[in-house]
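Residues per chain, in single letters:
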Amino acid sequence: MLTLDFEKQIHDLETKIEELRHMASGEEMDIIEEISTLQNKVDKLLKQKYSKLSAWEKVQVARHPERPHTKDYIKDLIEDFIELAGDRNFAEDAAIIGGFGKFNGNPVMVIGQEKGADTESRMKHNFGMPKPEGYRKAQRLMLLAEKYDIPVITFVDTAGAYPGVGAEERGQSEAIARSIDICLGLKVPIISVVVGEGGSGGAIAIATANSVLMLEHSVYSVISPEGCASILWRSADRKKDAAAALKLTAQDLHKLKVIDDIITEPLGGAHRHHKEIFKNVNNALQKELTNLKKLNGQTIMIQRRKKFLDMGRNL
Amino acid sequence: MNWLTDYVRPKLKELMGKEKKDVPDNLWHKCPGCEQMLYHRELVENLSVCQYCNHHLRISVKKRLELLFDGGNYKEIPLGKVVQDPLKFKDTKKYADRLKTYRDKTKREDAMTVAVGTIGGKKVVISAFDFGFMGGSMGMAVGEGILKGAEEAVRSKAAFITIPASGGARMQEAILSLMQMPRTTIAVQMIREAKLPYIVLLTDPTTGGVSASFAMLGDIAIAEPKATIGFAGKRVIEETIREKLPEGFQTSEYLLDHGMVDLIVERKDLHSSLSKLLSHILK
């Protein structure tokens, strides 16, 4: 597992535990005891560290390569997932994946950015940075969901929309704007979960939702801390200051009433215990769906709009 | 005393003092397009358009509105109060101080003006950006201005025109600035539901979160010549693809070629073009 710079002490202890496990072939009580002492120490350190991560440390956790991605959530939470491809205009863009499936037995449309897990899949998914056709596919799927009266779940995990010549030529701006427009007009519920990075316009294009949830250590921002630092401080080295100033953590955004709820992560972050985060996300999604299901289409749309209109007005 | 001591000498001092300042503010301007020197009075007479290369220089909101509304007459709609510096943002300077500096300099509250009047005799509400106020960046105040303009258009059954001149999000308002993308899109939907015209006049520059929301959702998209319009910054794209960008990339003309805007209209023709257009779509 990739070790983040602030986890060095924890990593050293974990390595030691691994070594001891190798040595302990049988029932050597002293080794088992040693392991248990070390494990307690690791847990204590993790608890200490992860209860007060700085904004920049959260950015690092949110980008951790072993953190579960959209595909992992779909695999665990969605039964009989049927992936749908293409925008019907130009291309298939695998930076956004989506399709029908069942969530706890009920039909849903799932859409999300996928970053990929190894070099090959990262290339295939363009590192989770969608082009216009990705957003146009998302729009198509959202409208399909509305047609069949099926709620939409989106998983948000992107550094941002892809900055490329072709993307600009094919109207990246229009594609994002139209996605927001369609999100806002849908008469079925949309629930968004920021599972890793919520990168600016590239994120909000599929996160203009009735309910926006964030994982405890995920981040959501108008610009990356590096980008902000290089513009406002004229030095990318000030990324830590920028991260803090941007108030991009789930906790800050909840206080600002920009997001609706925070999903607790397992000890030491989602990347350490996939099963546990899947369970927490499942519970959170089910709770939101149950609440939203009681409302009719018009009310769902009005509630969503009102939420965004009120944003920032009562601070 | 005389012209030399009163005017030339202080200006010369200013020139010597600051290397970067090429010309006295009020006398000559360098065209950002062709680098020709333009005499101030002639430039004003030519609506701040370069006589040599037709580059459309940025103009103030006041001039912009005078140019567009019939007879240069319009009424400004006061904007409500919005939350000030909710994040207590500080980079090399406090955001609160930056705001104060720009307010003193521009005598405006923020980068947005909402005005009502007529164009070709048709009722119109305009929400216009002021690039001179923090690069026209979009925060809460700007978002509220777009919403206010849309509400006023619906109330008075007028056409709604937005005129972006903005680098994008107001970073100092961080996430709240990002939230103006859906908020301004709601303004567009209010106009759509009232079946009123929504026209966007894209001016230099229209980029970032501004272009990726209300600015690209116009029923009709008109651009001024040679304006920069796009989502990602040119430098960011170059760094990502590690190639040189094509000639004219992200200009109005480039967008027209790629089907992203309806038409390009020169500044001097905007009033008559908008009048004609509105006469076709408003009874």
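Residues numbered from 1 in each chain as written. Chains lettered and ligands numbered in written order. Predicted model: local features only at pLDDT ≥ 70, side-chain atom pairs only at ≥ 80, totals over all residues. Heavy atoms only, no water.

Asks: Where do I start with the overall build of chain A in this structure?
Replies: Along the backbone of chain A there are 14 helices and eight strands. For chain A, whose C-alpha radius of gyration is 21 Å, the value lies close to the compact-globule estimate of 20 Å for 315 residues. In terms of overall dimensions, chain A has a C-alpha envelope of 65 × 50 × 45 Å along the principal axes. Out of the 315 residues belonging to chain A, those deemed buried represent 57%. Of the contacts formed within chain A by residues at least 6 apart in sequence, a portion of 72% connects residues at least 24 apart. Carbon and sulfur atoms make up 52% of the accessible area of chain A, which totals about 13400 Å². Put simply, chain A has 44 plus and 45 minus side-chain charges, and the middle of one group is 7 Å from the middle of the other. (Helix = DSSP H or I, 4+ residues; strand = E, 2+ residues; numbered from the N terminus. Rg over C-alpha atoms; globule rule 2.2 N^0.38 Å. Buried < 20%, exposed > 50% of the residue type's maximum accessible area, 1.4 Å probe, protein only. Contact = heavy atoms within 4.5 Å. Areas by Shrake-Rupley, 256 points an atom, 1.4 Å probe, with all protein chains shown as cover. Lys, Arg positive; Asp, Glu negative; His and termini not counted. Charge placed at Lys NZ, Arg CZ, Asp CG, Glu CD.)

Asks: Is there a simple way to think about the domain arrangement of chain A in this case?
Replies: As a measure of interface size, the accessible area lost when the parts come together is often cited. Residues and elements named next belong to chain A. Considered domain by domain, chain A is made up of domain 1 (5–52) and domain 2 (58–309). Computed from C-alpha coordinates alone, the two centres of domain 1 and domain 2 are separated by 35 Å. Counting residues at the interface gives nine residues for domain 1 and eight residues for domain 2. Carbon and sulfur atoms supply 57% of the area buried between domain 1 and domain 2, which totals about 710 Å² over both sides. The largest per-residue losses of area from domain 1 upon contact with domain 2 belong to Phe 6, Leu 46 and Tyr 50, which jointly make up 63% of the total buried on that side. Where domain 1 packs against domain 2, one counts two salt bridges. For Arg 272, the salt bridge identified is with Glu 7, shortest N-O distance 2.4 Å. Between the two partners, domain 1 and domain 2, sit three residue pairs in polar contact (both at pLDDT 80 or more). Elements supplying a minimum of two residues to the side of domain 1 that touches domain 2: helix H1 (8–23) and helix H2 (29–51). Counting residues per element, the side of domain 1 that touches domain 2 draws most heavily on H2, which supplies four residues. (Domains from an automatic or database assignment. Buried area = accessible area lost by both parts, 1.4 Å probe. Salt bridge = Lys/Arg side-chain N within 4 Å of Asp/Glu carboxyl O. Polar contact = N/O pair within 3.5 Å; in protein donor to acceptor, adjacent residues only side chain to side chain.)

Asks: What exactly am I supposed to notice about the sheet that holds strand E4 (residues 112–119) of chain B here?
Replies: What links the strands of a sheet is backbone hydrogen bonding, and the strands pair in either a parallel or an antiparallel sense. Sheet architecture is open: seven strands sit in the order E3-E4-E5-E6-E7-E9-E11 (chain B), paired in mixed fashion. Each end of this open sheet is capped by a strand with a single partner; those strands are strand E3 (74–76) and strand E11 (263–264) of chain B. (Pairing = 2+ DSSP bridges.)

Asks: Please explain the pairing of strand E5 (residues 190–199) of chain A as it appears in this structure.
Replies: Along any regular strand, the residues point their side chains to alternate faces of the sheet. Residue and element names in this part refer to chain A. Extensive coverage of E5 is indicated by the burial of ten of its ten residues. Two elements, strand E4 (residues 152–158) and E5, share six bridges in a ladder whose sense is parallel. Bridged to Thr 158 within E5 is Gly 198. Pairing analysis gives four bridges linking E5 to strand E6 (residues 211–215), with the strands arranged parallel. Along E6, the bridge assignment pairs Val 193 with Leu 213.

Asks: I tried to follow unusual backbone geometry on my own but got confused; where do I start?
Replies: Residue and element names in this part refer to chain B. The linkage connecting Asp 204 with the following residue, Pro 205, adopts the cis geometry, with an omega of -10°. Inspection of the secondary structure puts Pro 205 in the loop between strand E7 (198–202) and strand E8 (206–207). The phi dihedral of Ser 48 is positive, around 60°, even though this residue is not glycine. Among the structural elements, Ser 48 can be located in the loop between helix H2 (40–45) and helix H3 (61–68).

Asks: Just to check I follow, could you spell out the side chain of B:His56 for this structure?
Replies: All names here are of chain B. Relative to the assigned elements, His 56 resides in the loop between H2 and H3. Residue His 56 is classed as buried on the basis of its relative accessible area, which comes to 4%. For His 56, the side chain forms a polar contact with the main-chain oxygen of Asn 54, separated by 3.0 Å. When residues no more than four places from it in sequence are discounted, the contact partners of His 56 are Ser 48, Val 49, Glu 224, Pro 225, Glu 266 and Arg 267.

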